[in-house]
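Each chain, written out:
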Amino acid sequence: MPISPPVVVVGSIMQDLTFACGEFPARGQTVMARLAVGQGGKGSNQAIACGRTGVGTVFVGAMGRGAYAAEVAAFYRREKIGCRLALKPDQPTGTAVILLNGEGQNIIVIEPGANASLAPRDVPRALLAGAKVVLTQLESNQAATAHALRLARRAGAMTVLNPAPMRRDFELRLLRHVDILIPNESEFVALVRKLPGIRRTKFDERALHAMSRDALHALCRLIKVPTVIVTLGSRGCFLSMPDGHESIPAYRGLKVVDTTGAGDAFCGGFAAGLVRHKGRIVEAARLGTAVAALSITKPGAAPAMPTERELNRFLRKNEAA
Ligand code: ATP
Ligand code: RIB
């Protein structure tokens, strides 16, 4: 692994406790489930999705007390993906409780734990200075995220923010350091409602679906980030770029097992695509779409990310079709 791989992912790592139940419990109801414990956290999932495509990647995050840190470090070594884990011994490692229904949909509750204590000094400057792409989310510490985006932009890297999960304390000024913003539908709605002048309107997901592509593009332009990519689940994604817009459909006919981490797979695959395709946004989003498609056909978050071999086979098969 070179000292500065092309992609640096700064963000969260969690231990995922996934309870697979046929139906989500109603309020006050108890249901039986099967429990699987796996690796998650949006930052780490994205790093693994990117690294498994064969593009050099390093993950920067924070872990708490307990043996899990050593397990994670060994996993990253086996995968040949770099990781810089700051240890926060007075904190628990982040944990996510995920309820998964029979259709592969989820409900997630997280305790960020050590992720919230990731500090700007935990993010190595030299890594950011050598990166082509720096990818961030909102699940760790916002000051560390802002620091990473600011330094990366200054060093000439392409900066990407996946504003997930959207938070009440999200600071719009973070967007000044962002080249490419990748919200899902609910994050996009929340962001638009934070924009000055739009805050009090009734913009919701239904309104988003009813919009023409031109109107959606015009709305994305108000965010004042050069490229906005809205992921739309099984509808694919919408790209709003300085010179126009484009839609990329999702793959059809997949056997959906678990959609947890589909957005992470998209972002990791997209970052890899930016490197593979020399910064070309549309080609990168196509790669993200393929990585996301494969990820939902397997259980879990990080473990479900496709390998380079699986991805290339899938791309060849779909090109031929
Ligand atoms: P999650 O929170 O489950 O990680 P998300 O809400 O952040 O996901 P989505 O917009 O649901 O992200 O999905 C990201 C991408 O994954 C989509 O743009 C699409 O390419 C792919 N995808 C998601 N769901 C499906 C599906 N049912 N069939 C095909 N592709 C899908
Ligand atoms: O995006 C999916 C991830 O969100 C899960 O792996 C879970 O850890 C939560 O952070």
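Each remark here, short or long, concerns the structure printed above.
Residues numbered from 1 in each chain as written. Chains lettered and ligands numbered in written order. Predicted model: local features only at pLDDT ≥ 70, side-chain atom pairs only at ≥ 80, totals over all residues. Heavy atoms only, no water.

1. Regarding the sheet that holds strand S9 (residues 158–161)
Part 1 of the reasoning: Across the sheet, 9 strands lie side by side as S5-S4-S1-S8-S9-S10-S11-S12-S13; this open sheet has mixed pairing. Taken across any chain shown, the strands that pair with only one partner, and hence form the sheet edges, are strand S5 (82–87) and strand S13 (244–248).
Part 2 of the reasoning: Summarising the sheet, strand S12 (residues 237–241) and S13 pair through 5 bridges and their orientation is antiparallel. The residue of S13 that forms the bridge with Met241 is Gly244. (Pairing = 2+ DSSP bridges. Helix = DSSP H or I, 4+ residues; strand = E, 2+ residues; numbered from the N terminus.)

2. Things to note about the site of ligand 2
Part 1 of the reasoning: The environment of ligand 2 is made up of Met14, Asp16, Gly40, Gly41, Lys42, Asn45, Ala96, Ile110, Glu139, Gly261, Asp264 and Ala301.
Part 2 of the reasoning: In the environment of ligand 2, an oxygen atom lies 3.0 Å from a nitrogen or oxygen atom belonging to the side chain of Asn45.
Part 3 of the reasoning: Here Glu139 contributes a side-chain N or O atom positioned 2.5 Å from an oxygen atom of ligand 2.
Part 4 of the reasoning: When the free accessible area of ligand 2 is taken as 280 Å², the share hidden by the protein chains comes to 96%.
Part 5 of the reasoning: For the shell around ligand 2, the secondary-structure elements that each account for two or more residues are strand S2 (14–20) and helix H1 (42–51).
Part 6 of the reasoning: Taken together, the residues of the shell around ligand 2 break down into 4 nonpolar, 4 polar and 4 charged. (Near = heavy atom within 4 Å. Polar contact = N/O pair within 3.5 Å; in protein donor to acceptor, adjacent residues only side chain to side chain. Areas by Shrake-Rupley, 256 points an atom, 1.4 Å probe, with all protein chains shown as cover. Nonpolar A, V, L, I, M, F, W, Y, C, P; charged D, E, K, R; others polar.)

3. Here we look at the nonpolar core
Part 1 of the reasoning: Counting residues in hydrophobic clusters, the biggest one holds 48 residues, and the most contacted among them are Tyr76, Ile229, Leu239 and Phe270.
Part 2 of the reasoning: Counting residues per element, this core draws most heavily on helix H9 (residues 281–295), which supplies 10 residues.
Part 3 of the reasoning: The residues touching Tyr76, leaving out its near neighbours within four places in the chain, are Ile13, Gln39, Ser44, Ala47, Ile48, Phe59, Ile81, Gly82 and Cys83.
Part 4 of the reasoning: Among the nonpolar cores identified, the runner-up in size contains 26 residues, and Ala146, Leu149, Val192 and Cys220 belong to it. (Core = buried A, V, L, I, M, F, W, Y, C linked by side-chain atoms within 4.5 Å. Buried < 20%, exposed > 50% of the residue type's maximum accessible area, 1.4 Å probe, protein only. Contact = heavy atoms within 4.5 Å.)

4. Here we look at the sheet that holds strand S7 (residues 106–111)
Part 1 of the reasoning: With mixed pairing, the 4 strands of this open sheet are ordered in space as S3-S2-S6-S7. Lying at the two open borders of the sheet, with one neighbouring strand each, are strand S3 (34–40) and S7. The sheet shows a mean angle of 20° between the axes of neighbouring strands, taken without regard to direction.
Part 2 of the reasoning: The strands that helix H2 (residues 68–79) touches are S2 and S3; relative to S3, the one it contacts most, it runs at about 65°. (Axes fitted to C-alpha atoms, helices over the stretch in contact; angles between N-to-C directions.)

5. Describing H9
Part 1 of the reasoning: Here H9 contains 15 residues, and its C-alpha end-to-end distance of 21 Å stays within 8% of the 21 Å for a straight helix at 1.5 Å per residue.
Part 2 of the reasoning: H9 sits mainly inside the fold: 13 of its 15 residues count as buried. (Expected span 1.5 Å × (residues − 1).)

6. Description of unusual backbone geometry
Part 1 of the reasoning: With omega at -10°, the peptide bond leading from Ala164 into Pro165 counts as cis.
Part 2 of the reasoning: For Lys80, which is not glycine, the phi torsion reads 60° and is therefore positive.
Part 3 of the reasoning: Examined against the element boundaries, Lys80 turns out to sit in the loop between H2 and S5.
Part 4 of the reasoning: Non-glycine residue Lys278 carries a positive phi angle of around 50°.
Part 5 of the reasoning: Note that Lys278 resides in the loop between helix H8 (262–276) and H9.
Part 6 of the reasoning: We classify Lys278 as exposed; its relative accessible area is 71%.

7. Some words on H8
Part 1 of the reasoning: An ideal rise of 1.5 Å per residue puts 21 Å on 15 residues; H8 measures up with 20 Å between its terminal C-alpha atoms.
Part 2 of the reasoning: H8 sits mainly inside the fold: 12 of its 15 residues count as buried.
Part 3 of the reasoning: Along H8, the positions that sit buried rather than exposed are Asp264, Ala265, Phe266, Cys267, Gly268, Gly269, Phe270, Ala271, Ala272, Gly273, Leu274 and Val275.
Part 4 of the reasoning: Looking at the residues trailing H8, positive phi occurs at Lys278, about 50°.

8. Some words on the site of ligand 1
Part 1 of the reasoning: The environment of ligand 1 is formed by 17 residues, the closest being Asn184, Thr231, Gly233, Gly236 and Thr259.
Part 2 of the reasoning: Within the backbone of Ala262, one N or O atom sits 3.1 Å away from an oxygen atom of ligand 1.
Part 3 of the reasoning: In the environment of ligand 1, an oxygen atom lies 3.1 Å from a nitrogen or oxygen atom belonging to the backbone of Gly263.
Part 4 of the reasoning: Protein burial of ligand 1: of its 630 Å² of free accessible surface, 82% is covered by the chains.
Part 5 of the reasoning: Contributions of two or more residues to the shell around ligand 1 are made by H8 and H9.
Part 6 of the reasoning: A class-by-class count of the residues in the shell around ligand 1 yields 7 nonpolar, 10 polar and no charged.

9. Side note on the side chain of Thr227
Part 1 of the reasoning: Structurally, the position occupied by Thr227 is in strand S11 (residues 227–231).
Part 2 of the reasoning: In this structure, Thr227 is in contact with Asp179, Ile180, Leu181, Arg221, Ser240, Met241, Pro242 and Ile281, ignoring residues within four places of it in sequence.

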